[in-house]
Amino acid sequence: MPDTANDRKDLVTMTATTTPTAALDQERAELLDQLAGARLALINTTRDLTDEQAGERPTVSALCLGGLIKHVASMEDTWMRFVVEGPSAMSYELPEGVTWDDMTAGTAREFPQWAIDHQNDLRMLPGDTLAGVIDRYRQVADRSAEIIAAVPDLSARQPLPEAPWHEPGTAYSVRRVLAHLIAETAQHAGHADILREALDGRASS
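Residues numbered from 1 in each chain as written. Predicted model: local features only at pLDDT ≥ 70, side-chain atom pairs only at ≥ 80, totals over all residues. Heavy atoms only, no water.

(A) Here's a closer look at unusual backbone geometry. One non-glycine residue, Asp48, adopts positive backbone phi at about 70 degrees. Its place among the elements puts Asp48 in the loop between α2 (22-44) and α3 (51-55). On the basis of relative accessibility, which here comes to 59%, the residue Asp48 falls in the exposed class. (Helix = DSSP H or I, 4+ residues; strand = E, 2+ residues; numbered from the N terminus. Buried < 20%, exposed > 50% of the residue type's maximum accessible area, 1.4 Å probe, protein only.)

(B) Region of the structure containing the side chain of Lys70. Following the sequence through the fold, Lys70 ends up in helix α4 (residues 65-85). Relative accessible area serves as the criterion here: at 11%, Lys70 is assigned to the buried category. Leaving out residues up to four positions away in the same chain, Lys70 has contacts with Asn120, Asp121, Arg123, Met124, Leu125, Asp128, Val133 and Arg136. (Contact = heavy atoms within 4.5 Å.)

(C) How the structure looks around the layout of surface pockets. Approximately 750 Å³ is the volume found for the largest pocket. Lining of the largest pocket is provided by 25 residues; of these, His71, Thr78, Tyr92, His118 and Trp165 occupy positions nearest its centre. For the lining of the largest pocket, the elements supplying multiple residues, two or more each, are α4, α6 (113-121) and α8 (174-200). Here the residues of the lining of the largest pocket sort into 11 nonpolar, nine polar and five charged. (1 Å grid on protein atoms, 1.4 Å probe; cavity = no way out; pocket = protein on both sides within 12 Å on 5 of 7 lines; lining within 4 Å. Points joined across faces, edges and corners; volume = space filled by probe spheres on them. Nonpolar A, V, L, I, M, F, W, Y, C, P; charged D, E, K, R; others polar.)

(D) Fine view of the pattern of salt bridges. With the rule as written, the count across this model stands at nine salt bridges. One salt bridge connects Glu27 with Arg175, and the closest N-O pair in it is separated by 2.5 Å. Taken together, the positions of Glu27 in helix α2 and Arg175 in helix α8 put the pair 148 residues apart, joining distant regions of the chain. By relative accessible area, Glu27 is classed as partly exposed at 24%. On the accessibility criterion, Arg175 (29% relative accessible area) is partly exposed. Residues Asp48 and Arg202 are paired through a salt bridge, measuring 3.4 Å at the closest nitrogen-oxygen approach. A residue pair is termed long-range when its members are at least 10 positions apart, and Asp48 in the loop between α2 and α3 and Arg202 in the segment after α8 qualify at 154 residues. According to the relative accessible area criterion, Arg202 is partly exposed, its value standing at 37%. (Salt bridge = Lys/Arg side-chain N within 4 Å of Asp/Glu carboxyl O.)

(E) Quick look at the confidence of the model for the protein. Considering every residue of the protein, the mean pLDDT works out to 87; 89% of them sit at 70 or more. Confidence scores differ between elements of the protein, with helix α1 (residues 5-18) showing the lowest mean pLDDT of 41 and helix α7 (residues 130-150) the highest of 97. Counting contacts from residues 1-18, a segment whose pLDDT is below 50, to residues more than four positions away or on other chains yields four contacts. (pLDDT = per-residue confidence, 0-100.)

(F) Representation of the nonpolar core in the model. Of all hydrophobic cores here, the largest spans 44 residues; its most connected members are Trp79, Met80, Phe82 and Val177. Among the elements that take part in this core, α4 stands out by supplying 10 residues, more than any other. Among all residues touching Met80, those that are not within four sequence positions of it are Ser144, Ile147, Ile148, Val177, Leu178 and Leu181. (Core = buried A, V, L, I, M, F, W, Y, C linked by side-chain atoms within 4.5 Å.)

Here you go:
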């Protein structure tokens, strides 16, 4: 039995962080299962495609199937780093003298690396292969499962970094991050369905 208030506090803390409840384990499993289903729907849109087809843009947009998978993989990787590291994982700093109005208008004299990386993630670059893109996505998925398994509390919150698309003062829990990833991945799987049908008339399933 603990003899002091500090001993009791230490015991409560240890119990809370080392013995997750069955309900929490079930919630983790269900959220990860939903995310896995959305990932599979996205990946299935590329079945039987060549590297060249994965890089084609069959609609008036600049989107291609390989680029969508690259984008979603990078998005998931960034959000999982946010879970672990907090807002520093999502730095949206601008070069000196560049404003958000410049960025929006496309007239910035210099673009930050994160914006360049974002654009590159939306297309197949020289040397990219569809197999390599999918393999990286699977590695990201495996890492996500490891991170979520290690999180003691899905309600743990981190503040979002400053950005025009983030409401000031907003914080995301791990649970909300997973919900966001599920929604975003499912939405992009829908985009991918349209691209695949425009490419060769085939559906993803």
